[in-house]
Amino acid sequence: MSSESQLRADIVEVGRRMYARGYTASNDGNISVRLGSDRLLMTPKSVCKGFMTPDMMCVTDLEGRKLQGERDPSSEMLMHLEVYRQRPDVQAVVHAHPPTATGFAVAGIPLDRAVLAEVLTTLGSIPIAAYATPSTQELPDAVRQYIKAHDGMLLANHGALTLGADLFAAYYKMETIEHFAHISRVARLLGGERLLSRQEVDRLQGLRGMYGIASPAPICPPGQDPAAALGNPADCQTILAPEDGGARLVADFTRGAVGKDGEIRLTYRELTSLIEAAVRELK
Ligand SMILES: [Zn+2]
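A few points on the structure. (Residues numbered from 1 in each chain as written. Predicted model: local features only at pLDDT ≥ 70, side-chain atom pairs only at ≥ 80, totals over all residues. Heavy atoms only, no water.)

Re the overall build of the protein chain
Across its full length, the protein chain carries ten helices and eight strands. Residue burial in the protein chain is summarised as follows: out of 283 residues, 48% are buried. Excluding contacts between residues fewer than 6 apart, the proportion of contacts in the protein chain whose partners are at least 24 apart in sequence is 63%. When the accessible area of the protein chain is evaluated, it comes to approximately 13,300 Å², of which 54% is carbon and sulfur surface. (Helix = DSSP H or I, 4+ residues; strand = E, 2+ residues; numbered from the N terminus. Buried < 20%, exposed > 50% of the residue type's maximum accessible area, 1.4 Å probe, protein only. Contact = heavy atoms within 4.5 Å. Areas by Shrake-Rupley, 256 points an atom, 1.4 Å probe, with all protein chains shown as cover.)

Below, the structure written as structure tokens:
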């Protein structure tokens, strides 16, 4: 295990990278790591993550009581504590507002399509936790249902949260989410993603072990209706993949049209764009 001085230096470095890459502005974002079995090392509130020094960090216990440090711990500490409570395997938590991923979170569009092998093997699907007022108990309540099955998630109208077996693993997942969001946006501007097949999704899932990736949850079994899996993300992850040619429309349609209550919701514009996409695919 890394020494405390090394962990302090690593937090400074991750904060610097997040700020340099535009994942945070001003004093946004926060970072924490486990310090042994019963303490956490955490960024303080109201500092720019790009200009921190190792001595600024706070040491807290797992209940969030400050044990050491001149500054108060992050205003999002409750969300971090919830992650450590639910996931004994997690050693580090990173929260930021990377602009493209946060754009998806603001638009209410989860990154849950089977598109890139690297994302499927490392993160699987990236859901959106419901909107919650930052710094309140609402935020840990909103992310709780996703923590067990996901190492990364979007926070509605807010940002993104990633977890890892060490600090850099958690940070790299933040990079992956933002990179994936950027690629997804470009693909959508160019007419939409071509999804990987369910067979390929299963194959990639099987390869996770080979890459030494301990993914928190399996992707839903083949044949499971994506619409039926929506709203029940705790046990497994939901990935949208077409079963065969033409099924992309079905996946898009079920996702866009059927709410948790089974009610059909599809605007005329959405319907038109789905039909246009299907026609393009047939050409
Ligand atoms: Zn935030």
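Thoughts on the coordination of the zinc ion
Here the zinc ion is held by the protein donor atoms His95 (NE2), His97 (NE2) and His158 (NE2), which lie 2.0 to 2.1 Å from it. Of note, the zinc ion draws all its donor residues from one chain, in the sequence arrangement H-x1-H-x60-H. Remark: histidine 158 occurs in the loop between strand S7 (152-155) and strand S8 (159-164) and histidine 95 occurs in strand S5 (residues 92-96); sequence separation between them is 63 residues. Both residues of the pair, histidine 95 and histidine 158, belong to the buried class. (Donors = N, O, S within 2.8 Å, 3.2 Å for Na, K, Ca; no water.)

Remarks on the sheet that holds S5
Taking strand neighbours across the sheet as the criterion, the eight strands line up as S4-S3-S2-S1-S5-S8-S7-S6 in an open arrangement whose pairing is mixed. The open sheet has two free edges, formed respectively by strand S4 (66-68) and strand S6 (128-129), since each of these has just one partner strand. Both strand S1 (residues 30-35) and S5 contribute to a ladder of four bridges, which runs antiparallel. Note on S5: the bridge partner recorded for isoleucine 31 is valine 94. (Pairing = 2+ DSSP bridges.)

What about the packing of aromatic side chains?
In this structure the tally under the stated criterion is three aromatic pairs. Plain terms: the ring middles of tyrosine 171 and tyrosine 172 are 5.7 Å apart, the flat faces sit at 50 degrees to each other, and that makes the pair tilted. With a relative accessible area of 0%, tyrosine 171 lands in the buried category. Judged by its relative accessible area of 40%, tyrosine 172 falls in the partly exposed class. One aromatic cluster in this structure is built from Phe168, Tyr171 and Tyr172. (Phe/Tyr/Trp six-rings, centres within 6.5 Å; stacked < 30°, edge-to-face > 60°.)

Thoughts on the pattern of salt bridges
Per the counting criterion, the structure on display carries 15 salt bridges. For glutamate 82, the salt bridge identified is with arginine 144, shortest N-O distance 2.7 Å. Separated by 62 residues along the polypeptide, glutamate 82 in helix H2 (residues 77-86) and arginine 144 in helix H5 (residues 138-147) bring together distant segments of the chain. Overall, arginine 144 belongs to the partly exposed group, its relative accessible area being 32%. Several salt bridges share partner residues, and in doing so they unite Glu82, Arg85, Asp141 and Arg144 into one network. (Salt bridge = Lys/Arg side-chain N within 4 Å of Asp/Glu carboxyl O.)

Topic: a nonpolar patch on the surface
Where nonpolar side chains cluster on the molecular surface, the patch consists of Val186, Leu189 and Leu190 and spans about 330 Å² of accessible area. Relative to the assigned elements, valine 186 resides in helix H6 (residues 167-189). (Patch = residues over 30% accessible without salt bridge, like charges linked within 9 Å, V, L, I, M, F, W, Y side chains within 5 Å.)

A few points about unusual backbone geometry
For serine 26, which is not glycine, the phi dihedral falls at a positive 50 degrees. The phi dihedral of serine 135 falls on the positive side, at around 75 degrees, and the residue is not glycine. Here serine 135 lies in the loop between S6 and H5.

Quick word on the pairing of S7
Both faces of the sheet carry side chains from a regular strand, because those side chains alternate between them. On S7, burial covers both faces: Gly152 and Leu154 on one face and Met153 and Leu155 on the other are all buried. Here S6 runs beside S7; their pairing, made up of two bridges, is parallel. Of the residues in S7, the one forming a bridge with isoleucine 128 is leucine 154. Note: S7 against S8, four bridges, orientation antiparallel. Within S8, the position partnered with glycine 152 by the bridge is threonine 162. The turn linking S7 back onto S8 is made up of three residues, and asparagine 157 within it adopts a positive phi angle of 50 degrees.

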